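Residue-level structural notes
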Amino acid sequence: MHFEDWHTHNSLCRHAVGSIEDYIKIAIDRGLNVIGISDHFPYEYLSSEIPSLEDIPYEGYAMPTNNLESYILQLDNLSEKYKDQIHVRTAFEIDFFKHQDHLLNKYLNNYLTKLDYILGSVHVLFGKAGIFAFDDGRFLNKYKEYDVNDEIFIEFYTSLQTMIKSPTFKLDIVTHFDLPKKFDKRVEDKELVMEKAIETLELVKKRDLTVEINTSGLRKKVKEQYPSLDIIKIIYDLDIPILLGSDAHKPEEVAYEFKTMTKMLISNNFTQFAHFEKRKRTFIEID
Ligand SMILES: [Zn+2]
Ligand SMILES: [Zn+2]
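Criteria and cut-off values
- Residues take numbers from 1 onward in each chain, read along the sequence in its written order.
- Labels follow written order: the first chain is A, the first ligand is 1, and so on.
- Local features in this predicted model are restricted to residues whose pLDDT is 70 or higher, and side-chain atom pairs enter the listing and the counts only when it is 80 or higher, whereas totals over whole chains, interfaces and linings include all residues.
- Neither water nor hydrogens contribute to the side-chain values; these are computed over all heavy atoms in the structure.
- The helix and strand labels rest on DSSP assignments: H or I over at least four residues marks a helix, E over at least two residues marks a strand, and numbering proceeds from the N terminus.
- Radius of gyration means the value over C-alpha atoms here, while the globule rule gives 2.2 Å times the residue count to the 0.38 power.
- In what follows, residue pairs with any heavy atoms lying within 4.5 Å of each other are defined as contacts.
- Per-residue accessibility takes into account occlusion by the displayed protein chains alone, with areas from the Shrake-Rupley method and a 1.4 Å probe.
- The positive count covers Lys and Arg only, the negative count covers Asp and Glu only, and His and the chain ends enter neither.
- Think of each charge as sitting on NZ of Lys, CZ of Arg, CG of Asp or CD of Glu.
- For Na, K and Ca the donor cutoff is 3.2 Å, while for all other metals N, O and S atoms must lie within 2.8 Å; water is not among the atoms, so some sites may look incomplete.
- Classification of residues uses two cut-offs on accessible area relative to the type maximum, computed with a 1.4 Å probe and protein chains only: under 20% is buried, over 50% is exposed, and between them is partly exposed.
- Here a pair means two rings of Phe, Tyr or Trp (six-membered ring of Trp) with centres within 6.5 Å. Their orientation is stacked below 30 degrees between planes, edge-to-face above 60, and tilted elsewhere.
- Directions pointing from the helix axis toward each C-beta atom define the arc.
- Here a cavity denotes a set of grid points, spaced 1 Å apart and computed over the protein atoms alone, in which a 1.4 Å probe fits but from which it cannot get out, and a pocket denotes an open set meeting protein on both sides within 12 Å along at least five of seven lines; residues with an atom within 4 Å of a point are reported as lining.
- Grid points are joined across faces, edges and corners, and a volume is the space filled by probe spheres set on the points.

Looking at the overall build of the protein chain
Within the protein chain one finds 7 helices and 11 strands. Radius of gyration (C-alpha) of the protein chain: 18 Å, near the 19 Å computed for a compact globule of 287 residues. Considering only C-alpha atoms, the protein chain reaches an extent of 55 × 45 × 35 Å along its principal axes. Partitioning the contacts of the protein chain with sequence separation of at least 6, the portion at a separation of at least 24 is 76%. On the protein chain, roughly 12500 Å² of surface is accessible, and the fraction owed to carbon and sulfur atoms is 49%. A distance of 1 Å separates the average location of the 36 positive side-chain charges in the protein chain from that of its 48 negative side-chain charges.

Some words on the coordination of the zinc ion (ligand 2)
Note on the zinc ion (ligand 2): its protein donors are Glu93 (OE), His123 (NE2) and His176 (NE2). The metal-donor distances range over 2.2 to 2.4 Å. Here the donor residues for the zinc ion (ligand 2) map to a single chain with the spacing E-x29-H-x52-H. The distance between the zinc ion (ligand 2) and the zinc ion (ligand 1) is 5.5 Å. Pair noted here: Glu93 is in strand E3 (residues 87–95) and His176 is in the loop between strand E7 (173–174) and helix H5 (190–206), with a separation of 83 residues, a long-range link. Across this residue pair, the class does not change: Glu93 and His176 are buried.

Quick notes on the packing of aromatic side chains
To describe a pair of aromatic rings, one takes the distance between the centres and the angle between the planes. Inspection of every chain in the model, using the stated rule, returns 20 aromatic pairs. Look at Phe97 and Phe126: their rings are 5.8 Å apart centre to centre, the planes differ by 90°, and that puts the pair in the edge-to-face class. Here Phe126 lies in strand E5 (residues 124–127) and Phe97 lies in the loop between E3 and helix H3 (101–108), a separation of 29 residues in the sequence. Phe97 sits in the buried class, given a relative accessible area of 3%. Take Phe126: its relative accessible area is 48%, and that puts it in the partly exposed class. Note on Phe134 and Phe156: the rings are 5.6 Å apart at their centroids and 70° apart in plane angle, and the pair reads as edge-to-face.

A few points about the environment of Lys233
Checked against the element boundaries, Lys233 lands in helix H6 (residues 229–237). Relative accessible area serves as the criterion here: at 40%, Lys233 is assigned to the partly exposed category. Each C-alpha atom of the pair Lys233 and Phe169 lies 27 Å from the other, and the pair is 64 residues apart in sequence.

Here's the deal with the coordination of the zinc ion (ligand 1)
When four donors bind a metal tetrahedrally, each ideal donor-metal-donor angle is 109.5 degrees, and when six bind octahedrally, the ideal angles are 90 or 180 degrees. Bound to the zinc ion (ligand 1) are the protein donor atoms His15 (NE2), His40 (NE2) and His249 (NE2), situated 2.0 to 2.1 Å from the metal. Mapped onto the sequence, the donors of the zinc ion (ligand 1) take the spacing H-x24-H-x208-H. Under the relative-accessibility criterion, His40 is labelled buried at 7%.

Points about H6
Helical geometry: 3.6 residues make up each α-helical turn, so side chains three or four residues apart lie on a common side. By the burial criterion, the buried members of H6 are Ile231, Ile232, Ile234 and Ile235. Buried positions in H6, seen along its axis, are confined to an arc of 160° and lie on one side of it.

Description of the layout of surface pockets
In this model, the largest pocket occupies a volume close to 480 Å³. In this structure, the largest pocket is lined by 23 residues; those nearest its centre are His15, His40, Asp135, Lys182 and His249. Put simply, the second largest pocket is a space of about 340 Å³. Around the second largest pocket, the lining is made up of 15 residues, and of these Arg186, Val187, Lys190, Ser228 and Asp230 lie nearest the centre. Only helix H4 (149–165), H5 and H6 provide two or more residues apiece to the lining of the second largest pocket. It is H5 that provides the largest number of residues to the lining of the second largest pocket, a total of 4 residues.

As structure tokens, then:
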């Protein structure tokens, strides 16, 4: 089948390598039907409202605000240039911050008509250890401020739930659904954390969102896709749409392990992947 990769980054976010065009070209080489360009939306709009944001190196997490215009323009040009070879889709991965939707939307609304979809993500926690990007390896010492990893997972799911329930936060796809496991941080009370994950999935279902099966975990210490197979089975039971994302931060990571993952999903009875254009969802058959 012709794969579709809905989650990629590029050098604009200042922690990925390769130009947007590099990602498009490799996707064409690999025979993809869709390459979703979904770079990190700027954090700068937050900085005046959340003073403690200065403690995290957010300048390295996303593109600067003054690149937004050229990002969209480049995508306009490149999708036209390559339209006979691949569908290039325009997107953002946007971090959720409580009570900040009004600020975010001031910037985001200018580009909404250009977007094919929005990835909604939580990478930063405001909890027991203060404000911290739990998936940034430079802050692993913060994990020690928690008694058990379970607490980080609970904080994460609480934040995801607030995101999903926030009517003013625009999103189509929920990303890396069990990201706190990235550094192989396993939980003690599995049942408790699973309950919280299921509660979150029920909200996903209620808002009719899509969940991403993200293969980048396979490249990380945990050596497992996000989310785990246990969660994937619940996604199936709740009949929540899914699609694949590599979360590529290097061109060669485009469609990373998509064959293996698709096989796994087929053996767990999935028959369709979601597909987006101008924020409208349709489906393609998995074959
Ligand atoms: Zn990134
Ligand atoms: Zn992410």
